[in-house]
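Coordinate inspection notes
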Amino acid sequence: MKKNDIQFLKKILEKRKQVILENLKGNSKEIKALHNSVPSDNIDFSTIESNSQINFTINANLKQELKEVEESLNKIKNNNFGICESCEEFIDIERLKIKPHAKYCINCRENLEKGELL
Ligand SMILES: [Zn+2]
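Residues numbered from 1 in each chain as written. Predicted model: local features only at pLDDT ≥ 70, side-chain atom pairs only at ≥ 80, totals over all residues. Heavy atoms only, no water.

**A look at the coordination of the zinc ion**
On the protein side, the zinc ion has C84 (SG), C87 (SG), C105 (SG) and C108 (SG) as donor atoms, found 2.3 Å from it. Classification of the site at the zinc ion as tetrahedral follows from its 4 donor atoms and the range of 105 to 116° in their angles at the metal. Spacing between the donor residues of the zinc ion along their common chain follows C-x2-C-x17-C-x2-C. (Donors = N, O, S within 2.8 Å, 3.2 Å for Na, K, Ca; no water. Tetrahedral: all angles 85-135°; square planar, octahedral: opposite > 155°, others 65-115°.)

Here you go:
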């Protein structure tokens, strides 16, 4: 992979990491605020519950993505970025530009979704 491409993807990953961290901070505050608010009737209570449920789900997804972004940044440091974790072939650069924290090449990804891997 070209050095320029790696630098470009590294910037995207670092930016993404910042955005995720900010979102996580914001959501946690919101969850706290929701739990501290006193529901005046049953309708309010169910709204608070479902809102915080949604936030918890978003947080879980964000944390998962953060983990993948950090793993990718580590791979850049260790010079093994952009290599499929399954077949160890290079992941297509066009795919990485869309999803820089991709772990698998497009073929393995498709097999994974069909349940043929893992
Ligand atoms: Zn692969």
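**A word on the pattern of salt bridges**
Tallying each qualifying case throughout the model produces 6 salt bridges. The shortest N-O distance in the salt bridge between E70 and K17 comes to 3.5 Å. Pair noted here: E70 is in helix α2 (residues 42–77) and K17 is in helix α1 (residues 3–36), with a separation of 53 residues, a long-range link. Look at E70 and you get partly exposed, because its relative accessible area is 34%. For K17, a relative accessible area of 25% translates into the label partly exposed. Among the salt bridges present, the one from K75 reaches E85, with a minimum N-O distance of 2.7 Å. In this pair, K75 is assigned in helix α2 and E85 in the loop between α2 and α3 (93–98), connecting sequence segments 10 residues apart. Take E85: its relative accessible area is 40%, and that puts it in the partly exposed class. (Salt bridge = Lys/Arg side-chain N within 4 Å of Asp/Glu carboxyl O. Helix = DSSP H or I, 4+ residues; strand = E, 2+ residues; numbered from the N terminus. Buried < 20%, exposed > 50% of the residue type's maximum accessible area, 1.4 Å probe, protein only.)

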